[in-house]
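Descriptive analysis of the structure
Read off the chains here:
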Amino acid sequence: MSAREQKEIRSEFDCKHVFVTGGSRGIGRAIANAFADRGARVAILFRTNIAAANETLAELSGKGHIIVQADITKPDEVATAVSSVIEQFGGLDIVVNNAGIGISHPLESTSYDDWQTAWRQTIDTNLHGPANVCFCVARHMIESGGGRIVNVTSRGAFRGEPTKPAYGASKAGLNSLSQSLAVALAPHNIFLGVVAPGFVNTELTADRLEGKEGDEIRAQSPLNRVAEPEEVAHAVLFLCSDGSEFSTGTIIDLNGASYLRS
Ligand code: NAP
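Residues numbered from 1 in each chain as written. Predicted model: local features only at pLDDT ≥ 70, side-chain atom pairs only at ≥ 80, totals over all residues. Heavy atoms only, no water.

With that settled, consider the layout of surface pockets. Counted as a void, the largest pocket has a volume near 1,100 Å³. As for the largest pocket, its lining consists of 50 residues, and the residues nearest its centre are G100, I101, G102, Y167 and L204. Elements supplying a minimum of two residues to the lining of the largest pocket: helix 2 (26–37), strand 2 (41–46), helix 5 (112–144), helix 6 (156–159), helix 7 (165–185), helix 8 (203–210) and helix 9 (214–219). For the lining of the largest pocket, the per-class residue count stands at 15 nonpolar, 21 polar and 14 charged. (1 Å grid on protein atoms, 1.4 Å probe; cavity = no way out; pocket = protein on both sides within 12 Å on 5 of 7 lines; lining within 4 Å. Points joined across faces, edges and corners; volume = space filled by probe spheres on them. Helix = DSSP H or I, 4+ residues; strand = E, 2+ residues; numbered from the N terminus. Nonpolar A, V, L, I, M, F, W, Y, C, P; charged D, E, K, R; others polar.)

See the structure below:
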């Protein structure tokens, strides 16, 4: 890439303040890197793994990036984390709700107690958490004149998740929440998009991709592979770019044609 092309790409998100939940690892780390490479200041929210958060912070290009610790299942911690980022950055332009969990709880072999726990933890993390982040950041963006929010959901919202039904339901709920907010917030110049990946090569999926079902998972796509985190980041950048405003409310499938819908 020529120096000129590099400069043009870098300038796209210059001076933008970006907040990425779960930005310390996996897909979130790739998203944080993609924005930093293009000139943004990035705040990375993590829950417990401070080593991973610091590692990501150290690899981000540019200056002024920060990490913030919070459990998004706790509404007070979400509010404090959002306020802290806004205070440190002096504003917030782009928010990516990426943090999420997937708990295995097949109906045939899970106790009723464990079934309850899996549903509660999954919905708290994957739906209540992003809903609370959306509330806190959108109230700021309404006052500041606008912004972008991208929510990371999953192919499982459409295709079903037989061994993680709470996960599929949480992501379907987040799709719906995103569409409701796209309508509600457009008059405030706030645009919402969703990226719905199929399998992505991260720690969340490492065991399954390396195990006996790995070949079957890769073969779900005619490309015979899963996505790389950078490919998810690419779609997030599009939804936050100038010119994508009228795509608000859209859900970008990122599954290598492994599950097509129309
Ligand atoms: P990952 O590698 O497991 O990373 C998860 C990130 O979320 C970590 O930074 C983690 O922080 C953070 N996190 C988890 N629970 C949290 C909580 N309660 N509060 C705050 N932060 C929390 O996950 P990933 O594979 O990159 O997945 C990222 C997103 O993409 C998720 O929403 C996932 O559902 C979605 N997705 C992933 C795939 C895939 O194949 N990987 C496919 C479709 C959709 P700590 O490390 O500090 O705990």
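That shown, we press on.
Attention now moves to the packing of aromatic side chains. Using the criterion set out here, one finds two aromatic pairs in the structure. Judged by centre distance (5.1 Å) and plane angle (75°), the ring pair of F13 and F35 falls under edge-to-face. You can see F13 sitting in the loop between helix 1 (3–11) and strand 1 (17–21) and its partner F35 sitting in helix 2, a full 22 residues away along the chain. Neither F13 nor F35 differs from the other in exposure class; each is buried. Directly above the aromatic system of Y167 lies the positively charged group of K164, at a separation of 6.0 Å from the ring centroid. (Phe/Tyr/Trp six-rings, centres within 6.5 Å; stacked < 30°, edge-to-face > 60°. Buried < 20%, exposed > 50% of the residue type's maximum accessible area, 1.4 Å probe, protein only. Lys NZ or Arg CZ within 6 Å of the ring centre and 35° of its normal.)

Our next topic: the site of the ligand. What surrounds the ligand is a group of 31 residues, the closest being S24, N98, Y167, V200 and T202. Take I72: an N or O atom from its main chain is 2.9 Å from a nitrogen atom of the ligand. At 2.8 Å, a side-chain N or O of K171 approaches an oxygen atom of the ligand. Coverage of the ligand by the protein chains reaches 97% of its 900 Å² of free accessible surface. Most atoms of the ligand, that is more than half of them, are within 2 Å of grid points of the largest pocket. Those elements that provide at least two residues to the shell around the ligand are helix 2, strand 2, helix 7 and helix 8. Residues of the shell around the ligand, tallied by class, amount to 13 nonpolar, 14 polar and four charged. (Near = heavy atom within 4 Å. Polar contact = N/O pair within 3.5 Å; in protein donor to acceptor, adjacent residues only side chain to side chain. Areas by Shrake-Rupley, 256 points an atom, 1.4 Å probe, with all protein chains shown as cover. Sits in = over half its atoms within 2 Å of the grid points.)

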